[in-house]
Amino acid sequence: MSDAIADIAAIVVTHRSTATIDECLVRLRAAAGVAQIRVVDNGSDDDTVAVVQRHAAADARLHFVANPDNPGFAIACNQGARDSDAPWLAFVNPDCLVEPDSLQRLRAHGRQLDGNALLGVDLVDEDGVRDPAARRRDPDFAAMLRSPATASLGVAGNDAQSLQQVDAVSGALLLLPRILFDRIGGFDEAYRLHAEDLDLCRRVRMTGAAVVVANDVRVLHLRGVSSRSRPLFVEWHKHRGLWRYFRKFEAPRHGWFTRCVVFAMIWGRFPFAALRAWSAAQR
């Protein structure tokens, strides 16, 4: 199949994304391989909706779904997937700025893996610094109790490999075949914010499919632009997502004492993380 064929649906979930959504959509509209663009807005009260509507009026490939409130990232991703029918799905954060060939090259890698893989990219910030969330191990909360050093999930990039197999990639930009997305039932909608990408990657691997990072596809990620407007809300749901992940994948292997200690570890960290996030947002 030719790489020139447009068969990718790009799904973008927005919330107070005025700062980056215009440039994000300009780039997605110019990206090779994109057949459909679906923007699902989660109750933005800034100019995000107006920007998206302007793009929708100029490009028939772009459909807009407006949620009256914020039901969460996972729900919105699934909405966008259901509203499209292209055979490949690319979930792209509004603060990710793709190059003209980023998604086309990512899809080409996916085809080399017989469509049995979820793929992420080499995410970098404006200074070219790699995002450690682009390559991660599964969290092991029980192991963190014994050795706090295991709390760091980042895996070093291996530039000798164009495709590097990992446990998890970042949900900021990932691509997978629709058939694989449907097989695992999409995103787990019980997650509101954060950890839903770790969950998705783990369930992909449980089917026997691979999770890989395309080290030769680099994308600029401006990181957390919309999160800065509600730092306490974001931190609350981040910790809630981590607790759900533990309960879903690890808790059945541990007794009540370990479960209680992990609960205390996760939620004991919350006040300090929330304070740091709030302080950073004030700068």
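As the structure is a prediction and not an experimental result, all values here were calculated from the model.

Helix and strand counts for the protein come out as 9 helices and 9 strands. A globule of 283 residues ought to have a C-alpha radius of gyration of about 19 Å, and the protein, at 18 Å, matches this closely. Along the longest, intermediate and shortest principal axes, the C-alpha atoms of the protein span 55 × 40 × 35 Å. Each of the 283 residues in the protein was classed as buried or not, and the buried ones make up 52%. For the protein, long-range pairs separated by at least 24 residues make up 82% of all intrachain contacts whose partners lie at least 6 apart in sequence. The positive charge centre, built from 35 side chains, and the negative charge centre, built from 34, are 6 Å apart in the protein.

What follows deals with unusual backbone geometry. With phi around 50 degrees, arginine 16 is a residue other than glycine that occupies positive phi space. Mapped onto the fold, arginine 16 is located in the loop between strand S1 (8-14) and helix H1 (18-30). Taking the relative accessible area as the measure of exposure, arginine 16 reaches 24% and is therefore partly exposed. With a phi angle near 70 degrees, histidine 194 is a residue other than glycine that sits in the positive phi range.

Another aspect to go through is the packing of aromatic side chains. As enumerated under the stated definition, the model contains 10 aromatic pairs in all. Where phenylalanine 141 meets phenylalanine 246, the ring centres are 5.9 Å apart and the plane angle is 90 degrees; that geometry is what we call edge-to-face. With phenylalanine 141 in helix H5 (residues 141-146) and phenylalanine 246 in helix H8 (residues 231-250), this pair connects stretches of sequence that are 105 residues apart. Residue phenylalanine 141 shares its accessibility class with phenylalanine 246, and that shared class is buried. With a centroid separation of 4.8 Å and an interplanar angle of 45 degrees, the aromatic rings of tryptophan 236 and tryptophan 267 are classed as tilted. Placement of the pair is tryptophan 236 in helix H8 and tryptophan 267 in helix H9 (residues 256-282), with a sequence separation of 31 residues. The class of tryptophan 267 is buried, set by a relative accessible area of 19%. In textbook terms, an aromatic cluster arises when at least three aromatic residues are bridged by ring pairs, as seen for Phe73, Phe91, Phe181 and Phe187. Sitting over the ring of tyrosine 191, arginine 244 keeps its end group 5.5 Å from the ring centre.

On the secondary structure map, glutamate 250 appears in helix H8. Buried within the structure, glutamate 250 lacks any salt-bridge partner; its nearest side chain of opposite charge belongs to arginine 253, at an N-O separation of 4.4 Å. When sequence neighbours within four positions are dropped, the list of residues in contact with glutamate 250 reads Pro139, Asp140, Phe141, Ala142 and Tyr245.

Moving on, we get to the nonpolar core. The tendency in soluble globular proteins is for nonpolar side chains to be buried side by side. If you look at the biggest cluster of nonpolar residues, it comprises 44 residues, and the most contacted ones within it are Leu89, Phe91, Leu118, Val169, Leu176 and Phe181. If we ignore the near neighbours within four places in the chain, the residues touching phenylalanine 181 are Asn78, Ala81, Leu89, Phe91, Leu176, Gly186, Phe187 and Leu200. Ranked by size, the runner-up nonpolar core spans 35 residues in total, among them Ala10, Ile21, Leu25 and Leu123.

Before going further, it helps to spend a moment on the environment of glycine 185. Locating glycine 185 in the fold gives a position in the loop between helix H6 (178-183) and helix H7 (196-206). Residue glycine 185 is classed as exposed on the basis of its relative accessible area, which comes to 54%. Along the primary structure glycine 185 and leucine 200 are separated by 15 residues, whereas in three dimensions their C-alpha atoms are 9.4 Å apart.

So, how was this worked out
Residues numbered from 1 in each chain as written. Predicted model: local features only at pLDDT ≥ 70, side-chain atom pairs only at ≥ 80, totals over all residues. Heavy atoms only, no water. Helix = DSSP H or I, 4+ residues; strand = E, 2+ residues; numbered from the N terminus. Rg over C-alpha atoms; globule rule 2.2 N^0.38 Å. Buried < 20%, exposed > 50% of the residue type's maximum accessible area, 1.4 Å probe, protein only. Contact = heavy atoms within 4.5 Å. Lys, Arg positive; Asp, Glu negative; His and termini not counted. Charge placed at Lys NZ, Arg CZ, Asp CG, Glu CD. Phe/Tyr/Trp six-rings, centres within 6.5 Å; stacked < 30°, edge-to-face > 60°. Lys NZ or Arg CZ within 6 Å of the ring centre and 35° of its normal. Salt bridge = Lys/Arg side-chain N within 4 Å of Asp/Glu carboxyl O. Core = buried A, V, L, I, M, F, W, Y, C linked by side-chain atoms within 4.5 Å.

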